[in-house]
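Structural overview
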Amino acid sequence: MVARGASYFLLQSLASTIFGVAYFAVLARFISEAEMGWYTSLSFLLGFLPLLATLGLNPTTAKFLSQHLAEGKTEEAGKIPQTVLLLCLPFSLVISFLCVVTASQLSLFFMKKEELAWLIQILALAVPFAALSTVCSGFLQGLQEIGKLSKLSFFSYIL
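The text that follows walks through the structure, step by step, so that each part is easy to find.

Right, let's get into a nonpolar patch on the surface. There is a patch of nonpolar side chains on the surface, built from Phe44, Phe48, Leu51, Leu52, Leu55, Leu87, Phe91, Val94, Phe97, Leu98 and Val101 and spanning about 1000 Å² of accessible area. Of all the secondary structure elements, the ones that give two or more residues to the nonpolar patch are helix H2 (33–53) and helix H4 (74–101). Counting residues per element, the nonpolar patch draws most heavily on H4, at six residues. By secondary structure assignment, the location of valine 101 is in helix H4.

Right, dumping it as structure tokens:
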């Protein structure tokens, strides 16, 4: 079981790395250095904001979900996804809203151009989906569905 899970993660990581390197190589040929900086800033925000929106509950979810299932406490295990979703999804919407409201300031801070605020606003739309993906990965990890988790991770990376 562990070996199969590890092989799924190995294949997912390998495929994501190959895709990422190819994407970055092609992207670097078509955009300027300033645009590469903007891309990096947006990538940072898209990584950080969903992490903030999930309140760091992803590893906790996996731990307690698997623990309750192993102990036969299926009713308690069933409450975990509901509780986490009720906490994280509204918080991700708040973060998304704050991102839209402060887009000009974020754009000025991260990209040195206030007129690029529209990029931050578009990114704000992705925050709830990225947070949901992060939360779902915790659920799948807790359910020991490593194959599905690696497919979700790869799909999220490409998306």
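Now, onward.
Mapped onto the elements of the fold, serine 107 is located in helix H5 (residues 103–111). At 2.3 Å, the side chain of serine 107 and the backbone oxygen of lysine 113 are in polar contact. Not counting residues up to four positions away in its chain, the partners in contact with serine 107 are Lys112, Lys113, Glu114, Leu116, Ala117 and Ile120.

Moving on: the pattern of salt bridges. Under the criterion given, the structure shown has two salt bridges. Salt-bridge contacts for glutamate 71 lead to lysine 73; the nearest nitrogen and oxygen are separated by 3.1 Å. Between glutamate 75 and lysine 79 there is a salt bridge whose closest N-O contact spans 4.0 Å. Of this pair, glutamate 75 and lysine 79 are both found in helix H4, four residues apart, which corresponds to roughly one turn of the helix. Residue classification places glutamate 75 among the exposed positions, given a relative accessible area of 61%.

A full pass over the atoms with the stated rule returns three aromatic pairs. Between the aromatic rings of phenylalanine 44 and phenylalanine 48, the centroid separation amounts to 5.7 Å while the plane-to-plane angle is 5°, which identifies the pairing as stacked. Residue phenylalanine 44 and its partner phenylalanine 48 are both found in helix H2; the two are separated by four residues, about one turn of the helix. Between phenylalanine 44 and phenylalanine 110, the aromatic rings sit 5.9 Å apart at their centres with planes inclined by 40°, giving tilted as the arrangement.

Thresholds applied
- Residues numbered from 1 in each chain as written.
- Predicted model: local features only at pLDDT ≥ 70, side-chain atom pairs only at ≥ 80, totals over all residues.
- Heavy atoms only, no water.
- Patch = residues over 30% accessible without salt bridge, like charges linked within 9 Å, V, L, I, M, F, W, Y side chains within 5 Å.
- Areas by Shrake-Rupley, 256 points an atom, 1.4 Å probe, with all protein chains shown as cover.
- Salt bridge = Lys/Arg side-chain N within 4 Å of Asp/Glu carboxyl O.
- Helix = DSSP H or I, 4+ residues; strand = E, 2+ residues; numbered from the N terminus.
- Polar contact = N/O pair within 3.5 Å; in protein donor to acceptor, adjacent residues only side chain to side chain.
- Contact = heavy atoms within 4.5 Å.
- Buried < 20%, exposed > 50% of the residue type's maximum accessible area, 1.4 Å probe, protein only.
- Phe/Tyr/Trp six-rings, centres within 6.5 Å; stacked < 30°, edge-to-face > 60°.

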